[in-house]
Number of protein chains: 2
Amino acid sequence: MSEDTPEEPKPRRRQARGERRIAQLLSAAANVFCTNGYTATSTNAIAREAHVSPGTLYQYFPNKEAIAIELGGRLLHEMRAAHGQAFTPENLTLPLPELLDVVVDPMIEFNCENPVFLALMHGSEVPGRIAEEHDALHASLLTSVQGVIAHYAPALTAEERSRIADMTFAIFKGGLGLVLAAPAGAERDATVAELKRVLLRYLSPLADGSVTTTPTR
Amino acid sequence: MSEDTPEEPKPRRRQARGERRIAQLLSAAANVFCTNGYTATSTNAIAREAHVSPGTLYQYFPNKEAIAIELGGRLLHEMRAAHGQAFTPENLTLPLPELLDVVVDPMIEFNCENPVFLALMHGSEVPGRIAEEHDALHASLLTSVQGVIAHYAPALTAEERSRIADMTFAIFKGGLGLVLAAPAGAERDATVAELKRVLLRYLSPLADGSVTTTPTR
DNA sequence: GGAAAATGCGAGTGATCACTCGTGTTTGCC
DNA sequence: GGCAAACACGAGTGATCACTCGCATTTTCC
């Protein structure tokens, strides 16, 4: 929730304890959502995880969905920030391998540190509101990727560009699952490197001016 | 204890109607699981979708989990059959583009015709029994992919081979999501072709004898 | 035809869940 | 200190869910 909205009939006085509780509840919710999924998670379980009574939980959130909305909203906000930092105009001029580093690494890091993000954004069991915001972020990311592709291969049609961007993102998503499944450390790093290798091999022919729809063999 | 029936403690006489009902219930369950997910699906909703009373449903399945088990088991069985047909020894000798056709097409087709498969196998909300069987199938598929990779690039270490197989499968999974999201027809075909292009570009360097762990930049 | 088994029904049952409410405690402000 | 508001609690409430049970109907076998 932003603080500059004029439609706030609830000017809360106490903030220190309250904000702490909200953060505590969201953190607990992230843990439980992550392990059980949204639907199978009970509000009582969230309260228990936060060492708080159910009544206290409902003092800060009107219902279960609002918890996911708030949590998802915060994650989406962070994600958008990372996204904006990755797809800067100057980064767009980097050679492909370096561009991949600059774009992939922050995204991977974010998801490693917030595994609940994938859990919340992926399932069809999440409340519609989250799904909408996620779709918006997804579209925004796709547009950025399309921009990169257009920069590397200006000759492509919009349809081809769109398809390649979709596929690039799907590859990343699939690889992300692998990375999250790998234990943090050398194995995870190797998986990330492999993911970048996939993307590099898939995308580097674009820079050569070869048309993707023409079989080269 | 006194009854020593080895496998079938339930000799059902009537089979025509019963088997029909079971198929009907499983089909209904597939629909509802597909749209709502496993956890959010109620047994009453399955019965309603099948135009059957809740009591009738529980005459054929002891509980909700058993429905998913049976449905998942049948799908896994079909999937295993398709898998076995794809990874035949003679197919292994095909050149990579043809091998991709032979392996990818049936898998895509199966998932297009049984979208509930992904829905059931993917979520962490599914009963543990399904997850186990799915893990077994997953491991089996990975072994096959590793076999192919070993054939194309015998010089790789087991670790590299495993990582490449994992990544290949992750790419396929990601692309599969795209394919299922695309409307059936030309767009879907184009997406499948793009997926094969990704896999081809990722895997074809293996056949050239270049070592993947050496940076080529 | 008639017994027995299989099939079918749907209201009912206990458990669980999201959520509330009455009450007690802590904190900010004078 | 004292008051009001924010905070905290946890037993309780209505709804929903997975699942049952008594009974009616259909099918099979003789």
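This text goes with the structure placed above it.
Note that the coordinates shown come from a computational prediction; the quantities given were computed from them, not determined experimentally.

S.K.: Is there a simple way to think about the relation of the copies chain B and chain A in this case?
M.R.: The operation relating the two chain copies consists of a rotation about an axis and a shift along that axis. Relative to chain A, chain B is turned by 180° and slid 0.0 Å along the rotation axis, the superposed coordinates differing by an RMSD of 0.0 Å. Such a combination of turn and shift is consistent with a two-fold rotation axis. Here 93% of the interface residues in chain B have copies in chain A that are interface residues too; the copies meet face to matching face.

S.K.: Is there a simple way to explain the nonpolar core in this structure?
M.R.: Across soluble globular proteins, nonpolar side chains have a tendency to be buried as a group. Membership of the largest hydrophobic core comes to 124 residues, with the highest contact counts inside it found for A:Phe33, A:Ile171, B:Phe33 and B:Ile171. In this view, A:Phe33 contacts A:Tyr38, A:Thr41, A:Ile46, A:Ile67, A:Ala68, A:Leu71, A:Val116, A:Ala119 and A:Leu120; residues no more than four positions away in its chain are not counted.

S.K.: So what exactly am I meant to see when it comes to the protein's contact with DNA strand D here?
M.R.: Of all residues adjacent to DNA strand D, which total 24 residues, the nearest are A:Arg14, A:Thr56, B:Arg14, B:Thr43 and B:Lys64. Per the 4 Å cut-off to the protein, sugar and phosphate atoms form 73% of the nearby atoms of DNA strand D. A:Arg21 is positioned with one of its side-chain polar atoms (N or O) 2.8 Å from a phosphate oxygen of DNA strand D. A distance of 3.0 Å is found between a phosphate oxygen of DNA strand D and a backbone nitrogen or oxygen belonging to B:Thr41. Sorting the residues of the surface near DNA strand D by element identifies helix H1 (16-36) and helix H3 (54-60) of chain A together with helix H2 (43-49) and helix H3 (54-60) of chain B as the ones contributing at least two each. At five residues, H3(A) tops the list of elements feeding residues into the surface near DNA strand D. Among the residues forming the surface near DNA strand D, the class breakdown is five nonpolar, 11 polar and eight charged.

S.K.: Sorry, what's going on with the packing of aromatic side chains here?
M.R.: In this description, a pair of aromatic rings is defined by centroid distance and the angle of the planes. All names here are of chain B. Evaluated as defined, the whole model comprises six aromatic pairs over all chains. Judged by centre distance (5.4 Å) and plane angle (45°), the ring pair of Phe-33 and Tyr-38 falls under tilted. In terms of burial, Phe-33 and Tyr-38 fall into one category: buried. Geometrically, the ring pair formed by Phe-110 and Phe-117 is edge-to-face, given 5.3 Å between the ring centres and 80° between the ring planes. When sorted by exposure, Phe-110 lands in the same class as Phe-117, which is buried. Directly above the aromatic system of Tyr-38 lies the positively charged group of Lys-64, at a separation of 4.8 Å from the ring centroid.

Cut-offs used in this document
- Residues numbered from 1 in each chain as written.
- Chains lettered and ligands numbered in written order.
- Predicted model: local features only at pLDDT ≥ 70, side-chain atom pairs only at ≥ 80, totals over all residues.
- Heavy atoms only, no water.
- Least-squares fit on C-alpha atoms with pLDDT ≥ 70 in both.
- Contact = heavy atoms within 4.5 Å.
- Core = buried A, V, L, I, M, F, W, Y, C linked by side-chain atoms within 4.5 Å.
- Buried < 20%, exposed > 50% of the residue type's maximum accessible area, 1.4 Å probe, protein only.
- Near = heavy atom within 4 Å.
- Polar contact = N/O pair within 3.5 Å; in protein donor to acceptor, adjacent residues only side chain to side chain.
- Helix = DSSP H or I, 4+ residues; strand = E, 2+ residues; numbered from the N terminus.
- Nonpolar A, V, L, I, M, F, W, Y, C, P; charged D, E, K, R; others polar.
- Phe/Tyr/Trp six-rings, centres within 6.5 Å; stacked < 30°, edge-to-face > 60°.
- Lys NZ or Arg CZ within 6 Å of the ring centre and 35° of its normal.

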